[in-house]
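# Notes for the structure review
The chain contents come next:
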Amino acid sequence: MTLPNDPLPLIREKALWMRRQAFRMVHEAQLGHPGGDFSATDILATLYFGVLRHDPEDPRAPGRDRFIMSKGHATGAIYTALAAAGFFPEEWLDTYMKPRSLLNGHPNRNYLPGIETNTGPLGHGFPVAVGIAIAGQMDKAGFRTFVLTGDGELQEGSNWEAAMTAGHRRLSHLTLVVDRNRLQQGAGTEETNGLDPLDDKFRAFGWHVEQVDGHDHAALLDVLGAPIGDRAKPLCVIADTVKGKGVSFMENKASWHHGVPNAQQFEQAMKELV
Amino acid sequence: MTMAQPAPQQAGLYDCREAWAATLETLAAQDPRIVAVVNDSVGSSKLGGFQKAFPERLVNVGIAEQTMVGVGAGLANGGKVPFVSAAACFLTGRALEQVKADVAYSNVNVKLVGQSSGIAYGELGPTHHSIEDLAWLRPLTNLTVIVPSDPWETAEAIRWAAAHEGPVFIRVSRMPVPELDVPNRRFQAGKAEMVRDGGDLAIIASGTTVHLAAEAADRLAREGVRARVLNMATISPLDRDAVLAAAGTGAIVTVEEANVHGGLGSAVAEVTSQNRPVPIEMVGFPGFLPTGSVEWLFEEYGLSPEGIASAARRALARKGA
């Protein structure tokens, strides 16, 4: 896809559309993870409409940039991003979680174009992204690999194996984005099994670290779209986000991790998401 | 993790890891997509030669099995044909969810090679034995599970896996085994191989136990019993036709260097019990094993010509009962 000179208006428009569609899907299915969908939406909109070089007509082109949704439960975000980018028809979103739907509660690469690996259990997408980046490094292929994890997800040890390997191998074409909404399913990350100082941890593992407002499209675009240049390390972007971002009664509430709206809440959210 | 030294080789007996490593090196010379992924297991996987020949194509992630398997899946995404090679106990046990989600469910072109499988680590005990692997891997959709019986079949299985598009698990043994004495062999994934023909009962064996089953059949022949011996190298998908034909003899013995709960014996029983019920005697291991050498454990649990022949006699006694 060709990126516009100023992608910010498009990113803003798509992010709003994604939130409205995702909440519609979750309301209809009475299933999903809307809190995490909304914390990740601006990151995905920025990637798909401002950063990734991909072709929805040829979703497995060898030279494509890869995006791995390691927090696979946030299907409202990834499915709406892929539909918005043209990987599959928007009408497919209406089948979300229905019997035999291609839109399972967690993404399946064999069902949907644009999905690189099947995620769902946490701590899986990051090591796979490292493997993809190693393949690219071996071939000097030039494509970039982006992986999005939740912050609570980083409590899984497999991520730190992957972080060590990426740092050791200086995988400059790999970018990890951490959706740092500071809430996991049951409570805050810091009261559950604290991650701070997260930036120092990644620096110690051999990464270049940037911290941004994960809802500021311009800031995200600056850091995610910046050329690799002479950076000889993988890039970790800690995106400070708000779980449930965009809907007043959902923001910063762990209960909206997998909470679903009733009719009144749905109407209220649609009034706010404009 | 501590690795014991390989058992001394005797004349006419082979460590299948040599066949695996030589085959991989040959294939890698022909196909630049082939890479190896290891967890500090270059030596125990006999990949020193590969490392020397293709240093850029050996990815050693260190002692990190979950990332090892995930990285394998990523390399496949990037167009490589990765052979992920590690001690079978750690590859399957430690990284089981990665094998399930990243490899089998994602249905990607990763080859998992479990080295020193079964009870090869003998005295090092149940933490290092890999006898639960078949039960863990057999139900995973898309994953072909192969347990070769000797060096020739190990090499054939590796070659087949490299050519096959899809996930494969291959057990490689370091136990000294002879080349099977079967004329005109041709490896076919998913097909049983007839090692001895006979109609009184069928012995279905896999891996390091096939040559023992053949010896058991020779013993039974001297007693006037004609035992069919099948080499069931592919555990999943199972050769149902061969199993049902075996059930036609009226009695079955299964033999495996694995836990009998969920392995080859269970796979055979799933087919026969629902289609053609016959008495089955399962030779294998009951669970965590006591301290002992490989040789002692094989004898103690009846993985021997006499142990298998005894199981055959028990099965025959139950035949038609």
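This structure is a prediction, so every number in the text was calculated from the model and none was measured.

## Brief notes about the interface of chain B and chain A
In this assembly, 27 residues from chain B lie in contact with 25 residues from chain A. Surface buried jointly by chain B and chain A totals about 2100 Å² across both partners, of which 49% is contributed by carbon and sulfur atoms. It is Thr67, Asn77 and Tyr105 of chain B in chain B that bury the most area against chain A; as a group they hold 27% of the surface buried on that side. The interface formed by chain B and chain A contains one salt bridge. Its salt-bridge partner being lysine 80 of chain B, residue aspartate 139 of chain A comes within 2.5 Å of it at the nearest N-O pair.

## Here's the deal with the sheet that holds strand β1 (residues 66-69) of chain A
Residue and element names in this part refer to chain A. Read across the sheet, five strands follow the order β1-β2-β3-β5-β4 without closing on themselves; strand pairing throughout is parallel. With partners counted over all chains shown, the strands left at the sheet margins are β1 and β4 (208-213), one partner each. On average, each strand axis in the sheet is tilted by 20° relative to the strand beside it, whichever way the strands run. Bridging between strand β2 (residues 145-150) and strand β3 (residues 174-180) involves six bridges; their strand directions are parallel.

## Observations regarding the domain arrangement of chain B
Residue and element names in this part refer to chain B. Entries for chain B in the domain assignment read domain 1 (16-171) and domain 2 (193-318). Averaged C-alpha coordinates put domain 1 and domain 2 at centres separated by 26 Å. Listed by partner, the interface residues are 22 residues for domain 1 and 31 residues for domain 2. Across the domain 1/domain 2 interface, buried area totals approximately 2000 Å², and carbon plus sulfur atoms make up 59% of it. Broken down residue by residue, the surface that domain 1 buries against domain 2 is led by Ile119, Ile131 and Arg138, which jointly contribute 34%. Linking domain 1 with domain 2 are one salt bridge, by the criterion used here. Run the count over domain 1 and domain 2 and you get twelve residue pairs in polar contact (both at pLDDT 80 or more). Breaking the side of domain 1 that touches domain 2 down by element, the ones donating at least two residues are α6 (133-137) and β5 (144-146). Tallying contributions element by element places β5 first for the side of domain 1 that touches domain 2, with three residues.

## Observations concerning the packing of aromatic side chains
For the structure shown, the criterion picks out 16 aromatic pairs over all chains. Ring plane angle 20° and centroid distance 6.2 Å describe the contact between phenylalanine 23 of chain A and phenylalanine 266 of chain A, whose orientation is recorded as stacked. Pair noted here: phenylalanine 23 of chain A is in helix α1 (residues 8-29) and phenylalanine 266 of chain A is in helix α9 (residues 263-272), with a separation of 243 residues, a long-range link. One exposure class covers both phenylalanine 23 of chain A and phenylalanine 266 of chain A, and it is buried. Ring centres 6.4 Å apart and planes at 65° place the aromatic pair phenylalanine 285 of chain B and phenylalanine 298 of chain B in the edge-to-face group.

## Observations regarding the packing of helix α2 (residues 34-50) of chain A against helix α8 (residues 217-225) of chain A
Residues and elements named next belong to chain A. Contact geometry for α2 and α8: axes closest at 10 Å, N-to-C directions at 55°. On the basis of their axis angle, the class for α2 and α8 is oblique. You can see that α2 and α8 cross each other, and the crossing is right-handed. Residues Asp42, Ile43, Thr46, Leu47 and Gly50 of α2 lie in contact with α8, whose contacting residues are His217, Leu220, Leu221 and Leu224.

## Regarding the sheet that holds strand β12 (residues 280-285) of chain B
Residues and elements named next belong to chain B. Pairing is mixed across the open sheet formed by five strands, whose spatial order is β7-β9-β8-β11-β12. A single partner strand is all that each edge strand has here, and the edge strands are β7 (193-196) and β12. Sheet twist, expressed as the mean angle between neighbouring strand axes with direction ignored, is 25°. Strand direction decides the pairing type here: β7 and strand β9 (residues 227-231), joined by three bridges, are antiparallel. The partner of methionine 194 across the bridge, within β9, is leucine 230. The sheet strands contacting helix α9 (residues 240-247) are β8 (201-205), β9 and β11 (252-259), and the helix crosses β9 at an angle near 165°. The strands touched by helix α12 (residues 305-318) are β8, β11 and β12; relative to β12, the strand with the most contacts, the crossing angle is about 155°.

## Quick look at the UniProt feature "domain: Transketolase N-terminal" (unreviewed entry) in chain A
UniProt marks residues 19-261 of chain A with the feature "domain: Transketolase N-terminal" (unreviewed entry), using the numbering shown here. Between the C-alpha atoms that bound residues 19-261 of chain A there is a distance of 14 Å. The span itself is 36% helix and 12% strand.

## What to know about the environment of histidine 128 of chain B
Residues and elements named next belong to chain B. Structurally, histidine 128 can be placed in the loop between β4 (111-115) and α6. The exposure class of histidine 128 is buried, given its relative accessible area of 12%. It is 8.9 Å that separates the C-alpha atoms of histidine 128 and glycine 118, two residues lying ten residues apart in sequence. A distance of 2.9 Å separates polar atoms of two side chains, one belonging to histidine 128 and the other to threonine 127.

Calculation rules
- Residues numbered from 1 in each chain as written.
- Chains lettered and ligands numbered in written order.
- Predicted model: local features only at pLDDT ≥ 70, side-chain atom pairs only at ≥ 80, totals over all residues.
- Heavy atoms only, no water.
- Contact = heavy atoms within 4.5 Å.
- Buried area = accessible area lost by both parts, 1.4 Å probe.
- Salt bridge = Lys/Arg side-chain N within 4 Å of Asp/Glu carboxyl O.
- Pairing = 2+ DSSP bridges.
- Helix = DSSP H or I, 4+ residues; strand = E, 2+ residues; numbered from the N terminus.
- Axes fitted to C-alpha atoms, helices over the stretch in contact; angles between N-to-C directions.
- Domains from an automatic or database assignment.
- Polar contact = N/O pair within 3.5 Å; in protein donor to acceptor, adjacent residues only side chain to side chain.
- Phe/Tyr/Trp six-rings, centres within 6.5 Å; stacked < 30°, edge-to-face > 60°.
- Buried < 20%, exposed > 50% of the residue type's maximum accessible area, 1.4 Å probe, protein only.
- Parallel < 35°, antiparallel > 145°, perpendicular 65-115°, else oblique.
- Left-handed = near helix turned anticlockwise from the far one by under 90°.
- UniProt positions renumbered as here; feature names shortened; annotations may be inferred.

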